[in-house]
Amino acid sequence: MEKLPMTRAGYTALEAELKQLKSVERPAIIEAIATARELGDLKENAEYHSAREKQGFIEGRVKELEGVIGLAEVIDPTTLSGAIKFGATVTLVDEDTDEEKTWQIVGEHEANVEKGLLNIKSPIARSLIGKDEGDSVEVRTPGGEKSYEVLSITFK
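Residues numbered from 1 in each chain as written. Predicted model: local features only at pLDDT ≥ 70, side-chain atom pairs only at ≥ 80, totals over all residues. Heavy atoms only, no water.

> Describe the overall build of the protein, with residues and values.
Each helix and strand counted, the protein has 3 helices and 7 strands in total. For the protein, the α and β elements follow one another from N to C terminus as β-α-α-β-β-β-β-α-β-β. For 156 residues, the compact-globule estimate of 2.2 N^0.38 gives 15 Å, and the C-alpha radius of gyration of the protein, at 21 Å, exceeds that figure by more than 25%. Dimensions of the protein along its principal axes, counting C-alpha atoms only, are 70 × 35 × 25 Å. Per-residue burial for the protein yields a buried fraction of 34% across its 156 residues. Contacts in the protein between residues at least 24 apart in sequence constitute 54% of all its contacts with a sequence separation of at least 6. Within the structure as shown, the protein displays about 9500 Å² of accessible surface, and the carbon and sulfur contribution to it stands at 51%. Of the charged side chains in the protein, 20 are positive and 30 negative, and the gap between their average positions amounts to 7 Å. (Helix = DSSP H or I, 4+ residues; strand = E, 2+ residues; numbered from the N terminus. Rg over C-alpha atoms; globule rule 2.2 N^0.38 Å. Buried < 20%, exposed > 50% of the residue type's maximum accessible area, 1.4 Å probe, protein only. Contact = heavy atoms within 4.5 Å. Areas by Shrake-Rupley, 256 points an atom, 1.4 Å probe, with all protein chains shown as cover. Lys, Arg positive; Asp, Glu negative; His and termini not counted. Charge placed at Lys NZ, Arg CZ, Asp CG, Glu CD.)

> Just give me the short version of the sheet that holds strand E7 (residues 144–154), but keep the residues and values in it.
The 5 strands lie next to each other as E5-E4-E3-E7-E6, forming an open sheet whose pairing is mixed. Strand pairing shows two members of the sheet lacking a second neighbour, strand E5 (117–119) and strand E6 (136–141), which therefore form its edges. The average undirected angle you get between the axes of adjacent strands in this sheet is 45 degrees. (Pairing = 2+ DSSP bridges. Axes fitted to C-alpha atoms, helices over the stretch in contact; angles between N-to-C directions.)

> Outline the pattern of salt bridges, supporting the account with residue identities and numerical values.
Throughout the structure, instances matching the rule amount to 8 salt bridges. For Arg61, the salt bridge goes to Glu64, with nearest N and O atoms at 3.0 Å. A residue pair is termed a helical-turn pair when its members lie 3 or 4 positions apart in one helix, as Arg61 and Glu64 do in helix H2 (residues 46–71) at 3 residues. Residue classification places Glu64 among the partly exposed positions, given a relative accessible area of 38%. Here the salt bridges do not stand alone but share partners, grouping Glu17, Arg61 and Glu64 into one network. (Salt bridge = Lys/Arg side-chain N within 4 Å of Asp/Glu carboxyl O.)

> Break down unusual backbone geometry for me, with residues and values.
The general pattern is negative phi for most residues beyond glycine and trans for most peptide bonds. Notably, Asp98 is not glycine yet its phi reads approximately 60 degrees, a positive angle. Considering the arrangement of structural elements, one finds Asp98 in the loop between strand E3 (89–94) and strand E4 (100–106). What makes Asp98 exposed here is its relative accessible area of 62%.

> Account for the confidence of the model for the protein, with residues named and values stated.
The predicted model of the protein has a mean per-residue pLDDT of 91, with 100% of residues at 70 or higher. Between the elements of the protein, mean pLDDT differs from a low of 87, seen in E6, to a high of 95, seen in strand E2 (residues 72–74). (pLDDT = per-residue confidence, 0-100.)

> So what's going on with H2? Residues and values would help.
Along an α-helix, residues three or four positions apart point the same way, because every turn accommodates 3.6 residues. Helix length check: H2 (26 residues) gives 38 Å between terminal C-alpha atoms against 38 Å at 1.5 Å per residue, within 8%. Within H2 the residues assigned to the buried category are Tyr48, Ala51, Gln55, Ile58, Val62, Leu65, Val68 and Ile69. Each element contacted by the buried residues of H2 is listed here: strand E1 (4–6), helix H1 (8–37) and E2. (Expected span 1.5 Å × (residues − 1).)

> Just give me the short version of the side chain of Asp94, but keep the residues and values in it.
When you line up the elements, Asp94 lands in strand E3. If near-sequence neighbours (up to four positions away) are discounted, Asp94 is found in contact with Glu99, Lys146, Ser147 and Tyr148.

Quick look at the structure:
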């Protein structure tokens with residue numbers, strides 16, 4: 001199977017979520033199901049059906065997280081340097097609007113654009129890989145073509 005690149009912070013966050021699901025959420029939902037069963041007829045018991053649905057979600061997420069963690073390849077960006085690659089923190093300027101943006105290129109399971117974490121499989125990240133400071137990058141986005149200039153590359 002293909003390894004999934006991930007930063008230490010992303011790996012730690014997934015492990016914490018898995019621990020929360022197994023040690024807190026799972027026991028709580030088992031208790032909720034038991035309580036709902038005591039209410040009687042299961043066919044018309046909304047609390048029971050809701051709890052079972054939530055249990056299914058929790059179990060699915062546990063399996064997903066275990067799979068991702070099992071395939072994770074933790075990469076420490078501080079050991080890297082040079083051109084843009086996984087783990088790089090990149091500051092770009094939009095050549096049309098002069099708006100600056102800073103993103104870190106991370107694995108798909110830890111990506112969060114609002115937090116500045118860019119999925120390595122995204123069009124922007126794929127366009128940036130291999131570029132150096134001062135390079136101009138053309139990116140095809142759903143909103144059309146965008147041009148960026150790479151202002152800085154750091155590995156932190």
